[in-house]
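# Commentary on secondary and tertiary structure
This is what each chain is made of:
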Amino acid sequence: DVDQVALTNSHLPSDIVVLDMKRVTKGFNAKNLAEGRRYQYLIPTYAFMTSNRPARDSCKVFSDDDVPAWMREGHNTHKYTPTPDEIDTARKYKISEELVGKINKALQLYEGTHKFHNFTSGKKGTDASASRYIVSFRTGLKVEYDGVEFLELLVEGQSFMIHQIR
C-alpha cells in the first residue's frame, strides 16, 4: 500500500505540502462544490509604518499618528523611489501588538455579508451576485524572512469575487 501523501510531497517544492488526501467520485468538482475558501497572505509589516501626516477623512480605524505609509497624502508608489535609509528603516521595522490590534479591527469590518462589486468588472452595487459572505478576516503569525518581518493575513469566506482576494 503506497502512502499517496508522501509520494505526492516527494514531487513538490519544499514550501508546498499536501497534508491529506481523500478519494472522491468522478463527478466531484472542488471548485463548484466547495463550502468555502481560506486564503493566507504574508504582507511585510513595513507596509504599516506610520507617518506623522494627518490621516485622510475616510480613515476611521487609525488615528492621525497611525496612518500607514502607503496611505499618506500625496504618496504615489508609481513615482516614488525610496532612499537607501528608508529601505534600511523599512527592513528593520517591527510592528507593535497595539497596531496589530488596530489592523484586526479594520479587517473585521469586512466580515459578514457585503457587496464587493468594486472588486470585479461588470458588476453593479445593485447586483445581488456581488454580495459575498466573509466568515472571518484576521491577522495570524508574525514571521521573519531574510531579516524582514511579515504579518500573516487570514481570510475565510463562502466565495469571493474574481479579483477580490488577489
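Residues numbered from 1 in each chain as written. Predicted model: local features only at pLDDT ≥ 70, side-chain atom pairs only at ≥ 80, totals over all residues. Heavy atoms only, no water.

### Some remarks on the overall build of the chain
Helix and strand content of the chain: four helices and six strands. Moving toward the C terminus, one meets the helices and strands of the chain in the order α-α-β-β-β-α-α-β-β-β. The buried share of the chain, reckoned over its 166 residues, is 28%. The contacts in the chain between residues at least 6 apart in sequence include a share of 51% that link residues at least 24 apart. Surface exposure of the chain reaches about 12,400 Å², of which carbon and sulfur atoms provide 52%. (Helix = DSSP H or I, 4+ residues; strand = E, 2+ residues; numbered from the N terminus. Buried < 20%, exposed > 50% of the residue type's maximum accessible area, 1.4 Å probe, protein only. Contact = heavy atoms within 4.5 Å. Areas by Shrake-Rupley, 256 points an atom, 1.4 Å probe, with all protein chains shown as cover.)

### Concerning the nonpolar core
Grouped together as the largest cluster of nonpolar side chains are 14 residues, with contacts concentrated most on Phe48, Ile95, Leu99, Ile103, Phe137 and Leu151. When residues of this core are traced back to their parent elements, those giving at least two are helix H4 (97-108), strand E5 (131-145) and strand E6 (148-157). For this core, the leading source of residues is H4, giving four residues. With residues near it in sequence (within four places) discarded, Phe137 still touches Leu107, Gln108, Tyr110, Glu111, Leu153, Leu154 and Val155. (Core = buried A, V, L, I, M, F, W, Y, C linked by side-chain atoms within 4.5 Å.)

### Things to note about the pattern of salt bridges
Overall, the coordinates contain six salt bridges when judged by the stated rule. In this structure, the salt-bridge partner of Asp20 is Lys22, at a minimum N-O distance of 3.5 Å. The partner of Glu97 in a salt bridge is Lys142, with the nearest N and O atoms 2.6 Å apart. Here Glu97, found in helix H4, pairs with Lys142, found in strand E5; they are 45 residues apart in sequence, far enough to count as distant. Judged by its relative accessible area of 35%, Lys142 falls in the partly exposed class. (Salt bridge = Lys/Arg side-chain N within 4 Å of Asp/Glu carboxyl O.)

### Digging into the pairing of E5
Alignment of strand E4 (residues 112-115) against E5, held across four bridges, turns out to be antiparallel. In the sheet register, His114 faces E5, and the bridge partner there is Arg132. Taken together, the nine bridges between E5 and E6 define a ladder with antiparallel strand orientation. Its bridge partner being in E6, Arg138 is matched across the sheet by Leu154. (Pairing = 2+ DSSP bridges.)

### Quick notes on a nonpolar patch on the surface
A cluster of nonpolar residues, Val24, Phe28 and Leu33, forms a patch on the protein surface that exposes about 290 Å² of accessible area. Tracing the chain through its elements places Phe28 in the loop between helix H1 (4-9) and helix H2 (30-33). Accessibility expressed as a relative area gives 42% for Phe28, which makes it partly exposed. (Patch = residues over 30% accessible without salt bridge, like charges linked within 9 Å, V, L, I, M, F, W, Y side chains within 5 Å.)

### Section: the packing of aromatic side chains
Enumeration over the complete set of coordinates arrives at two aromatic pairs. Judged by centre distance (6.4 Å) and plane angle (20°), the ring pair of Tyr39 and Tyr41 falls under stacked. Note on Tyr41: relative accessible area 30%, which makes it partly exposed. (Phe/Tyr/Trp six-rings, centres within 6.5 Å; stacked < 30°, edge-to-face > 60°.)

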